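# What the coordinates show
So the chains spell out like this:
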Amino acid sequence: MKINYILGFVVLVLGLQSCFFSAENPYTGLPPGKWRAVLKLDNNPVNPNPRGEPLPDKVNLKFEEVSQGELPFTFEVIYVTADSFYIEIINGDERIVVDDIKIGRDKSQAKDTIMIDFPVFDSYIKGYFLENAIDGEWVVRNRENYRIPFLARHGRDYRFSNLRKEPVMNVSGRWETTFEIGTPDEYKGIGEFKQEGNYLTGTFLTETGDYRYLEGTVQANKLYLSCFDGSHAYLFEGKINPTDSSMIGSFRSGNHYQTSWEAKFNPKAKLADAHSLTYLKPGYNKIDFSFENTEGKMVSLKDVRYQNKVKIIQIMGTWCPNCRDETEFLVDYLKQHPEQELEIIALAFERHKEKDKAMDALRRYRDNFKMDYALLLAGNSNKAEASQVLPMLNAVLAFPTMIIIDKNDRVQRIHTGFSGPATSEHKQFKAEFNRFILQLLSNKSVQQQ
């Protein structure tokens with residue numbers, strides 16, 4: 001009787017197991033839902049002050065790096081059908097769709113492999129995945145031997161931490177910021193933050209562009225922000241001093257750049273006028289160039305297509321996130337105003353030194369954004385080289401730079417950098433751009449400020 005009871009119990013358990021485990025996984029790829037990923041920039045402190053000792057001229061103000069160089073971000077796996085899925089990388093309000101994903105099998109390792117490609121930015125994530133984890137690296141093709149270890153785990157939807165330490169203050173608002181403190185390369189910026197409890201979003205504006213959509217957290221007197229978009233990987237960490245509403249911290253871009261920054265709360269903080277930084281040298285009154293487009297044809301402003309029209313010259317690179325924001329803006333503008341006598345020419349300065357690879361990058365970029373304007377290869381991604389290629393300018397200070405030319409081929413305005421949709425400046429920029437273009441289309445030229 002006892003044996004029959006035990007046998008019956010075993011049969012019942014096996015039956016339950018078959019109910020739970022006999023059904024095959026309906027998905028052919030990654031498990032759906034939220035994932036948390038980290039880029040392991042290195043094992044060293046980001047800030048060159050690992051012991052938290054007072055920095056020069058910063059009495060009683062310390063900053064200790066605590067993330068150990070791990071840059072986190074989240075993404076979501078979304079299935080269209082049981083056999084088809086894509087990924088959305090999440091940075092605050094931004095979601096970047098990635099659908100160029102390949103899954104295979106490494107027979108030598110007996111492991112499943114995955115390749116997540118960002119063709120527009122010429123980079124990819126490649127690794128092994130087993131059930132709920134991916135272990136691999138992020139590789140940037142247009143940088144020499146540029147690889148950063150990557151790890152992602154399914155079912156985790158927090159970015160930096162799921163802790164809820166009470167913040168010492170709400171940092172929402174504008175912060176006057178200085179990067180590269182005390183060096184010849186020191187530059188100004190403005191931090192724009194929005195804090196809700198521990199949750200923090202925002203960006204940093206500079207005179208050459210912004211650091212796009214940042215997302216993170218405030219824990220007690222520390223703040224953390226990060227962004228990953230397939231091209232750039234940004235990590236900001238800071239210590240808040242509520243006594244005088246100041247901050248000091250570190251900024252990391254990938255594993256190739258790091259610096260310190262400090263900020264002071266200032267609702268009235270402003271940067272230099274973007275129209276005053278780049279200008280024509282004395283003795284020049286026009287822009288002149290001739291470069292090859294993606295079809296191998298030489299293109300010049302003297303071509304018939306551009307005569308008696310308002311023209312925009314976009315100095316950019318396919319590797320540049322701010323250029324991506326500007327390209328999306330210009331493509332959308334042309335779609336909304338097909339009747340306007342307006343032409344755009346993009347001059348691309350690329351990281352690939354080999355012409356064929358650079359051209360391939362341009363074609364991918366053109367196709368991805370459905371660009372209905374010329375995209376020319378102008379040189380390598382070097383501001384000094386760009387300045388030599390365009391000697392009529394005082395300098396090329398930023399990618400992107402937008403040159404607006406009237407119907408008579410006279411330069412009317414040069415805009416350095418681009419304040420993208422992550423910034424409070426974007427709405428105002430769009431309105432002013434629309435007004436200015438309409439003014440030029442009506443043949444009302446103005447003198448460059």
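In case you missed it, the structure is sitting above this.
Residues numbered from 1 in each chain as written. Predicted model: local features only at pLDDT ≥ 70, side-chain atom pairs only at ≥ 80, totals over all residues. Heavy atoms only, no water.

What follows concerns the pairing of strand 5 (residues 101–106). Bridge count between strand 5 and strand 6 (residues 111–118): six bridges; the pairing is antiparallel. Across the sheet, residue G104 finds its bridge partner in strand 6, namely T113. Counting the residues that bridge the hairpin from strand 5 to strand 6 gives four residues, and of these A110 lies at a positive phi of roughly 55°. (Pairing = 2+ DSSP bridges. Helix = DSSP H or I, 4+ residues; strand = E, 2+ residues; numbered from the N terminus.)

Mapped onto the elements of the fold, G155 is located in the loop between strand 9 (146–154) and strand 10 (173–179). For the pair G155 and P31, spaced 124 residues apart in the sequence, the C-alpha separation amounts to 9.0 Å.

This part takes up unusual backbone geometry. In the segment running from F399 into P400, the intervening peptide bond is cis, with an omega of 5°. Following the sequence through the fold, P400 ends up in the loop between helix 4 (383–389) and strand 24 (401–405). A positive phi is found at R212, a non-glycine position, where the angle reads about 60°. Within the secondary structure layout, R212 lies in the loop between strand 13 (209–210) and strand 14 (214–219). Not every positive phi belongs to a glycine, and S245 is a case in point at roughly 50°. By the secondary structure assignment, S245 is in the loop between strand 16 (233–241) and strand 17 (246–253). Relative accessible area serves as the criterion here: at 22%, S245 is assigned to the partly exposed category. (Buried < 20%, exposed > 50% of the residue type's maximum accessible area, 1.4 Å probe, protein only.)

This model, assessed by the stated rule, comprises 28 salt bridges. E88 is the salt-bridge partner of R95, the closest N and O atoms lying 2.6 Å from each other. Judged by relative accessible area, which is 40%, R95 ranks as partly exposed. Between E192 and R174 there is a salt bridge, with its nearest N and O atoms 2.7 Å apart. One end of the pair, E192, is in strand 11 (residues 187–196); the other, R174, is in strand 10, and 18 residues separate them in sequence. An identical accessibility class is assigned to E192 and R174; each is buried. In the salt-bridge network here, residues are joined through shared partners; they are E94, R212, D229 and D325. (Salt bridge = Lys/Arg side-chain N within 4 Å of Asp/Glu carboxyl O.)

This part is about the packing of aromatic side chains. Within this structure, the stated rule accounts for 34 aromatic pairs. Here Y211 and Y234 contribute two aromatic rings whose centre-to-centre distance is 5.1 Å and whose plane-to-plane angle is 70°, an arrangement assigned as edge-to-face. A residue pair is termed long-range when its members are at least 10 positions apart, and Y211 in the loop between strand 13 and strand 14 and Y234 in strand 16 qualify at 23 residues. Since its relative accessible area comes to 12%, Y211 is described here as buried. Taking relative accessible area as the criterion, Y234 reaches 6% and is therefore assigned buried. Plain terms: the ring middles of Y333 and F433 are 5.1 Å apart, the flat faces sit at 90° to each other, and that makes the pair edge-to-face. One end of the pair, Y333, is in helix 2 (residues 321–336); the other, F433, is in helix 5 (residues 426–441), and 100 residues separate them in sequence. On the accessibility criterion, Y333 (4% relative accessible area) is buried. Judged by relative accessible area, F433 falls into the buried class, the value being 4%. Three or more aromatic residues joined by ring pairs form one cluster here, namely F179, Y187, F193, F204, Y211, Y234, F236, F251, Y257 and W261. The ring of Y128 carries K111 above its face, with NZ or CZ at 5.1 Å from the centroid. (Phe/Tyr/Trp six-rings, centres within 6.5 Å; stacked < 30°, edge-to-face > 60°. Lys NZ or Arg CZ within 6 Å of the ring centre and 35° of its normal.)

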